[in-house]
Every structure is written in C-alpha cells, then in structure tokens.
Amino acid sequence: MRRFLLPLVWPTVAGVLVAIVLLIAFPKLSGQAPSVSPPAASPQPVQETATPPEVKRPAPEVKNAPALSRNAGPVSYSEAVERAAPAVVNIYSSRIVESEQHPLMSDPFFRQFFGKDTPSRQRMLSSLGSGVIISDEGYVLTNHHVIKGADQIQVALRDGRETLAEVIGTDPESDLAVLRIDLEDLPVIALSDSSQAAVGDVALAIGNPFGVGQTVTMGIVSATGRSHLGLNAYEDFIQTDAAINPGNSGGALINPEGALVGINTAIFSRSGGSQGIGFAIPANLAREILNELVTQGRVIRGWLGIEAQEMTRELAASFGLDSVVGVVISGIVPDGPADAAGLQPGDVLIKVDGRTIRDARAVMTDIAAIAPGTKLPLSLVRNGERIDVTLEVGERPTAEVSQPQSQP
C-alpha cells in the first residue's frame, strides 16, 4: 500500500513548494496590492518677520581682475599669495552668555531654595574665522555663521593692525555677511569672474585655520555649480580640494593670479578636519550680496509663498503626469502671493514663466532673482486639469537658518 501511495505524494508536495515560491516572487498573484509609503512630511512654511528699515548707500567700488591666463602654469604661487594675502583678515567674534555659578543650580530641587535670585555669572564665548577686504571703503566679506550672535567683532590684518568692526548686513540664506572697518591704506583683493572658473584650475585657500595664523593651502577646482547639499537656502558652490579647516570660514579662495574666486564657507568631513571636499561661495554671487547689503541693508529676493516637495516617479504617476516634471505644492504661506492667486496645497506647479520645472532648487533661485511686484505666469495641474494663473511676485521675508556642523 505504501509503495502504491508514494508516487502520488511526491507530485503533490512539489506542486505546493512551486506555488509558495511563485507567491513570494510575485506578490501580485495573491491579489494584494503592494504597500506604498506616504510622502515625507514637508517643513512648515517660513514665517514672515519684520522688514528692516530702508538703507541708502552707494554701492562699494571693487576691483575687477583680468581674465585668468591658462597658457602656462607658474613654478611658484608666491606672487599670487602676496597680492591676495594682505587683504585676508582674521576675525574674532565674542558674545556674553549667562551661566549658572554651580552645577547643582541645574537641578530644580536645589533651585527652588533660591527662587528668582538664582546665582549666575557671565562668561565670554569666542569664535574665530576669516574675512576678505573687498573695497577701499573698508568693507569686509565673511560668513554669516562666523559672526552670528556676536556682541563684539574684532578684525586683525596681516600687517598687525587690529580694529573693531561694524556689521553692515547679513544674509543667512547665502551665509554671507558684510562688515566695515575704519582704517587707512587698506589692502584690497581683486574679484575674478567666477563664472569662468573651470574644473582643474589651480585654487589657493587663504585663512586662519584653528587660530594658528594666516595659512595658504593649494588644490584645484573640483567642481562648479554644486547644490542640493542642504547647507544654505541658495547654493551654487565651487568645490575644491584645497585644505579648508575650522577657522578658514570667510577666507579667500583665489586663482593663480591672486584674484578672488570664492569665499570659503563649508567642508564635508566625518572627522571635523579637511578631507579634500570644501565649498566656496562664488565671487559673482558674493559681489551681488555685497552690493545689496551695502546699498539696501538687506537682500531683496522674489518670493511666491509656497513650500514645495520634489517630484518623484511615484508622485508623477499618481498625479497622472507622463514625465517627472514640476514640484508638488505642499504648503501655502497665509496672505502670501500664492495664497492671493488661489494656489492650493496639492497643486503641481509645472511651469514658471513658460519654462518647465525640472529642478525645485533651480526654479527657487530663478524666482529669487525676479524683482518683487513682477507679474509672473504659472502653469499648474489640479485634480488632473491644467490651470494657468498669474500672480504678483512678493519679497521673500528675512529668516534665520540653522548652520550645519560641518562648516569650518
């Protein structure tokens, strides 16, 4: 009897095993749809802050460097350093903070015995960075994070002179700040056309790393137009492998002829020191920010008043789009330009001024360059239907942004 059943059992077992393998490899055969994770929650809309008072100053006069010659490389870069280094300054910023006198005062049990008369003392926090003298009027470019929250800023020149600096203006969204010092016969650096910087160009970084004194390091331009790094709201970095360390922030990235190519601002590092990936704000962008901060006291940018989410293939398919274009409007700032034009969360913005959106950060930069008050045509998709609207571009409100730990 057993010999008779054995040939019948094995085909049945083999069929069950094949069915299990097919269900594991192709879950759709079970009739259950694969699970889809919801899109990540978008950040809250930027809150408006008070508009700074109007400032009227003439734009600073800066030196324009001639086009870089790439015909032959020099044996030494000492002449370039001698042209640029005197204009690179050390910046020492300090702020006073309240600190409790005794560690036990952080315990609520002990603090209750003192009430409001908790003993405390003031202490001074200091930080260091670098800056670049950009004009004969004494304007100095540096990073916003170098002087953020400072009560006092001291500038030291290479020739030994020291003075206190006045803050003319800051722009957290590009991480730039403009200071002014009142000294005679200032050394001034010339500004190059950073749009001509090419991958492979020799680059020299000048600054004050770790407070050891002015230092020069050499590398090349590793990349241009770097963005999507999450460092600033507006990014268009020049990447270099010239060693940049803590204290180099705000210093100069120069070409072999001693002209300013960029302002050193951040590094990518797992150790806190240089690992060959540094970023500088291009001189052309720094020039624009300098002019606006000096002449107007703030940077004026165009603004739609929306929070946007990057488009993905899954989202494009869910909205019925044939390709991955546009951005999803995830939030609308109340009483902003988009709110006034009737835009809604869930709309897909596909065109701005007739140009198809393929990169959310790129279109954000383009909108920032539009003057407030400009009528701007938009194309969007809502519930599968295309809608064309025109809104009036507003002025982007000033907002503080947090700085990453990787900045030197």
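Residue indices follow the written sequence of each chain, beginning from 1 at its first position. Given that this is a predicted model, residues contribute local features only at a pLDDT of at least 70 and side-chain atom pairs are listed and counted only at 80 or more, while totals for whole chains, interfaces and linings are drawn from all residues. Side-chain measures were taken over the full set of non-hydrogen atoms in the model, leaving aside hydrogen atoms and water.

**Description of the packing of aromatic side chains**
For any pair of aromatic rings, the description consists of the separation of the ring centres together with the inter-plane angle of the planes. The test is simple: Two rings from Phe, Tyr or Trp (for Trp, the six-membered ring) form a pair when their centres sit within 6.5 Å of each other. Planes less than 30 degrees apart are called stacked, planes more than 60 degrees apart edge-to-face, and all others tilted. Labels follow the DSSP assignment, with helices taken as runs of H or I lasting at least four residues and strands as runs of E lasting at least two, numbered in each case from the N terminus. Residue exposure (1.4 Å probe, protein chains only): buried if accessible area is under 20% of the type maximum, exposed if over 50%, otherwise partly exposed.
Counted according to the given criterion, the structure contains 1 aromatic pair. For the pair Phe237 and Phe279, a centre-to-centre distance of 5.8 Å together with 50° between the ring planes defines the contact as tilted. One end of the pair, Phe237, is in strand S12 (residues 237–240); the other, Phe279, is in strand S15 (residues 278–282), and 42 residues separate them in sequence. Residues Phe237 and Phe279 agree in their burial class; the two are buried.

**Some words on the environment of Phe210**
Heads up, the rule is: Throughout, a residue-residue contact means that at least one pair of heavy atoms, one from each residue, lies within 4.5 Å.
You can see Phe210 is positioned in the loop between strand S10 (202–207) and strand S11 (215–226). In this structure Phe210 comes out as exposed when scored by relative accessible area, which is 54%. The sequence separation of Phe210 and Asn248 amounts to 38 residues, and the corresponding C-alpha distance is 8.0 Å. Not counting residues up to four positions away in its chain, the partners in contact with Phe210 are Leu128, Asn245, Pro246 and Gly247.

**Some details on the UniProt feature "active site" (unreviewed entry) in the protein chain**
We apply this condition: UniProt positions are given in the numbering used here, feature names are shortened, and annotations may be inferred rather than shown by experiment. Polar contacts, as counted here, are pairs of nitrogen or oxygen atoms within 3.5 Å of one another; within protein the pair requires one atom able to donate a hydrogen and one able to accept it, and residues that are adjacent in sequence qualify only if both atoms are side-chain atoms.
Here, UniProt's "active site" (unreviewed entry) annotation points to His145, Asp175 and Ser249. These annotated residues cover 105 residues of sequence, and their C-alpha atoms all fall within 10.3 Å of one another, placing them together at a single site. Tracing the backbone through its elements, the reader meets His145 in helix H4 (residues 144–147). Relative to the helices and strands, Asp175 is located in the loop between strand S7 (166–171) and strand S8 (176–180). Residue classification places Asp175 among the buried positions, given a relative accessible area of 0%. At 2.8 Å, the side chain of Asp175 forms a polar contact with the side chain of His145.

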